[in-house]
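# Descriptive structure summary
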Amino acid sequence: MLTAVMAFSASAYAAADMTAMTVLADQKPGKKAKKAKAEVKEVVFNVHLHCNNCVKKTEENIAFEKGVKGLDVSLDNQTVAIKYDPSKTSEEALKAAIEKLGYAVHGKVEPGHVHDHGHDHGHGHNHQH
């Protein structure tokens, strides 16, 4: 009989211990909830780009601006299309970053409505890179 009481007490203690562990586990801070996917916006600037070196310079610098998620620089269309996180940057900041490189921004184009301007990029003029 004593053995049965001891066995019952041990199993009751183990069950109580497991319940306490479960309660503690439920109170532990778990993994943080996944962050909602950040909104991505796109802006397309008309930018006077002279040559392939202008394109390269723009790509190498603007791609690393805070909040930039994607970049497409077109010499033929004279555009810089930027996909960005609006919680980290703005159109104004991106425009300023392009202008800081020495390129004039001549307004915006609606994304997806870019047209070839037909510029002759074989022209020879002196500009620094």
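The model shown is predicted, which means the values in this text are computed figures rather than measured ones. (Residues numbered from 1 in each chain as written. Predicted model: local features only at pLDDT ≥ 70, side-chain atom pairs only at ≥ 80, totals over all residues. Heavy atoms only, no water.)

## Comments concerning the overall build of the chain
- Within the chain one finds three helices and four strands.
- Shown N-terminal to C-terminal, the secondary structure of the chain runs as helices and strands in the order α-β-α-β-β-α-β.
- Classification of the 129 residues of the chain by burial places 25% in the buried group.
- Per element, the accessible surface of the chain, about 9,500 Å² overall, is 55% carbon and sulfur. (Helix = DSSP H or I, 4+ residues; strand = E, 2+ residues; numbered from the N terminus. Buried < 20%, exposed > 50% of the residue type's maximum accessible area, 1.4 Å probe, protein only. Areas by Shrake-Rupley, 256 points an atom, 1.4 Å probe, with all protein chains shown as cover.)

## Quick notes on the nonpolar core
- Ranked by internal contacts, the top residues of the largest apolar core, which has 20 residues, are Phe 45, Val 47, Leu 49, Ile 82 and Ile 98.
- Where this core is concerned, the elements lending two or more residues are strand E1 (41-47), helix H2 (52-62), strand E2 (68-74), strand E3 (79-84) and helix H3 (91-100).
- Not counting chain neighbours up to four residues away, the residues in contact with Val 47 comprise Gln 78, Thr 79, Val 80, Ile 98, Tyr 103, Ala 104 and Val 105. (Core = buried A, V, L, I, M, F, W, Y, C linked by side-chain atoms within 4.5 Å. Contact = heavy atoms within 4.5 Å.)

## Regarding unusual backbone geometry
- Even without glycine at this site, Gln 78 takes up a positive phi of about 60°.
- Residue placement: Gln 78 occurs in the loop between E2 and E3.

## Concerning the sheet that holds E1
- The four strands are arranged E2-E3-E1-E4 in an open sheet whose pairing can be described as antiparallel. Each end of this open sheet is capped by a strand with a single partner; those strands are E2 and strand E4 (105-109). Pairs of neighbouring strands in the sheet enclose a mean axial angle of 25°, with direction left out of account.
- Of the pairings in the sheet, the one linking E2 to E3 comprises six bridges and is antiparallel in character. When the sheet's bridge partners are listed, Val 68 is paired in E3 with Tyr 84.
- Strands E2 and E3 of the sheet are contacted by H2, whose axis makes an angle of about 175° with E2.
- In the packing of H3 onto the sheet, contacts are made with E1, E2, E3 and E4, and the angle to E1 comes to roughly 35°. (Pairing = 2+ DSSP bridges. Axes fitted to C-alpha atoms, helices over the stretch in contact; angles between N-to-C directions.)

## Some thoughts on the confidence of the model for the chain
- Averaged over every residue, the pLDDT of the chain is 75; residues scoring 70 or more account for 57%.
- Across residues 12-16, confidence stays below pLDDT 50; counting only partners more than four residues off in sequence or on other chains, it has zero contacts.
- This stretch, residues 18-26, has a pLDDT under 50; its non-local contacts, to residues over four places away or in other chains, come to zero contacts. (pLDDT = per-residue confidence, 0-100.)

## Regarding H2
- The complete set of buried residues in H2 reads Cys 54, Val 55, Thr 58 and Ile 62. Mapping the buried residues of H2 onto a view down its axis gives an arc of 100°, with all of them on the same face.
- Where H2 is buried, its residues meet E2, E3 and H3. (Arc of directions from axis to C-beta.)

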